[in-house]
Amino acid sequence: MSMTLYELEWGLYPRRVGIYLAEKGVADIDRIAFDISAGWPPPELERLSPLATVPILRTEDGTLVRSSIAILEYLEERYPSPDMLGATPELRARTRELVAVIDEAALQFGIWCHKGSPAFAGREEQSREAATIAADAYYGRLRLLDTLASETAGTFLAGDGVTIADCIAMATLQFAEKLYGVPLPEGCAVLRDWYDMFSNRASAAAPSYPKPLLAVAQGLPNACPPTLL
Ligand SMILES: N[C@@H](CCC(=O)N[C@@H](CS)C(=O)NCC(=O)O)C(=O)O
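Within the protein chain one finds 8 helices and 4 strands. When its helices and strands are written in sequence order, the protein chain yields β-α-β-α-β-β-α-α-α-α-α-α. Over its C-alpha atoms the protein chain spans a radius of gyration of 17 Å, differing by no more than 12% from the 17 Å that the globule rule assigns to 229 residues. Once the C-alpha set of the protein chain is aligned to its principal axes, its extents read approximately 45 × 45 × 25 Å.

In C-alpha cells, the structure reads:
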C-alpha cells in the first residue's frame, strides 16, 4: 500500500505539496483530488479531518498528516534526496524562517479573500476594513520576504538549491496572481526576479482554476483601496 495525498490541485495550500512533489520527482504517492463543484467540504474530507481542509497525507500505516508544512517536513524525512530543507542546522533554520514568513503571508491573503472577495460573498460576512488590514499585512510579509531573499547569495530563496520555502512561496504568489489577479507589490525586485525565474520551472506550470470561480475571484483588487495595489 502506498501513501495517499488528498488535495485540491489548484488550492493555495495543497499546491505547495504539488510543486514540492514535482521538484522532488516523487511519483509513488496516490493522489486524490477533490472537486469544489459539488459543494464544500466533501463528506469524505469531513470524515478524514475535523478541520476539513486540504492537503491531507495518509501514510502507509494510516497516520493522517493534516497540515501542508507538516506534510512537507514529513516527506523530507521519507525522501531525503535531493535535500530540500537544508544540509546543516543553520541552513534548515534559514529555510524555516522563510517558510514562517510565507505562511503568514498566505494566512493574510486568505483573510483578504474571505473578507474582501465576491467569491466569498454570501458564504461569510464581508468586511472591507478586515480585507484592507489583511491586504496590508499580506504585502508587508512579501516586502519582508523580499528583504530576506536579498540577503541570500543564491538562485533560490534559501540559497543555491530549491527548498520547501520556494515551493510554498510559489504556491502563494501564483494563487494570488493567477486566480485573484493580485500582483506582487511595487519595489520587490528580488522577489520579482525569483518569481519570474521560478515560474518557468516545470513544477510551477499553472494549474487550471475552475472557470466560475475565476470569473468572480478576479474581482478581489477592486474590493480594496487602489493604494494597496
Ligand atoms: N494550515 C493548513 C491550511 C489548509 C487550508 O486552509 N486549505 C484550504 C484549501 S487551499 C481549505 O481546505 N479550505 C477549506 C476550508 O477552510 O473550509 C495547511 O497548511 O494545510
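Before going further, it helps to spend a moment on the sheet that holds strand β4 (residues 64-65). A sheet is described by the order of its strands in space; here 4 strands give the open sequence β2-β1-β3-β4, paired in mixed fashion. Here the strands that pair on one side only, and so sit at the sheet edges, are β2 (30-33) and β4. In the sheet, strand β1 (residues 4-7) pairs with β2 via 4 bridges, with the strands oriented parallel. Following the sheet pairing, Glu-7 is matched in β2 by Ala-33.

Along its sequence, the protein chain is carved into domain 1 (4-78) and domain 2 (89-228). Summarising the inter-unit geometry, the C-alpha centres of domain 1 and domain 2 are found 20 Å apart. Listed per partner, the contact involves 13 residues of domain 1 and 18 residues of domain 2. A per-element tally of the side of domain 1 that touches domain 2 places helix α1 (residues 12-24) first, with 7 residues.

What follows concerns helix α3 (residues 68-78). Every α-helical turn comprises 3.6 residues, leaving residues that sit three or four positions apart pointing alike. Every buried residue belonging to α3 is among Ser-68, Ile-71, Leu-72, Leu-75 and Glu-76, and all of these are buried. Within α3, the buried residues cover an arc of 140 degrees as seen down the axis, which keeps them to one side. Set apart from the buried face of α3 by more than 90 degrees, the exposed residues are Ala-70 and Glu-77. Lining the buried residues of α3 we find α1, β3 (56-58), β4 and α6 (164-179).

Let us look at the site of the ligand. By nearness alone, 13 residues border the ligand, and Gly-11, Leu-12, Tyr-13, Thr-53 and Ser-68 come closest of all. When contributions to the shell around the ligand are tallied by element, the ones reaching two or more residues are α1 and α3. Looking at the shell around the ligand element by element, the count peaks at 3 residues for α1. Broken down by class, the residue content of the shell around the ligand amounts to 9 nonpolar, 4 polar and no charged.

Another aspect to go through is the nonpolar core. One finds Ile-102, Ile-164 and Ala-165 to be the most contacted residues of the largest nonpolar core, which totals 60 residues. Residue assignment for this core shows that the elements contributing at least two residues are β1, α1, β3, α3, α4 (89-116), α5 (128-150), α6 and α7 (189-199). Ranked by residue count, the leading element in this core is α6, at 11 residues. Setting aside anything within four residues of it in sequence, one finds Ala-165 in contact with Thr-95, Leu-98, Val-99, Ile-102, Leu-157 and Ala-158.

Calculation notes
Residue positions are given per chain, counting from 1 as you read along its sequence in written order. For this predicted model, a pLDDT threshold of at least 70 governs which residues receive local features, and a threshold of 80 or more governs which side-chain atom pairs are given and counted, while totals over whole chains, interfaces and linings are taken from all residues. In DSSP terms, a helix is any run of H or I states spanning at least four residues, a strand is any run of E spanning at least two, and both are numbered starting from the N terminus. Two things to know: the radius of gyration comes from C-alpha atoms, and the globule rule equals 2.2 Å times the number of residues to the power 0.38. Two strands are said to pair when DSSP picks up at least two bridges between them. Either an automatic procedure or a domain database provided the assignment from which the domain bounds are taken. We call two residues in contact whenever the C-beta atoms placed from their backbones are within 7 Å. Three exposure classes are used, based on other C-beta atoms lying within 10 Å of a residue's own C-beta, which is placed from the backbone: buried for 20 or more, exposed for 12 or fewer, and partly exposed in between. The arc in question is formed by the directions pointing from the helix axis toward the C-beta atoms. Residue proximity rests on one test: whether the C-beta atom, placed from the backbone, lies within 6 Å of the molecule or strand. Note on residue classes: Ala, Val, Leu, Ile, Met, Phe, Trp, Tyr, Cys and Pro are nonpolar, Asp, Glu, Lys and Arg are charged, and everything else, Gly too, is polar. Think of a nonpolar core as buried Ala, Val, Leu, Ile, Met, Phe, Trp, Tyr and Cys residues, each tied to the set through C-beta atoms within 7 Å.

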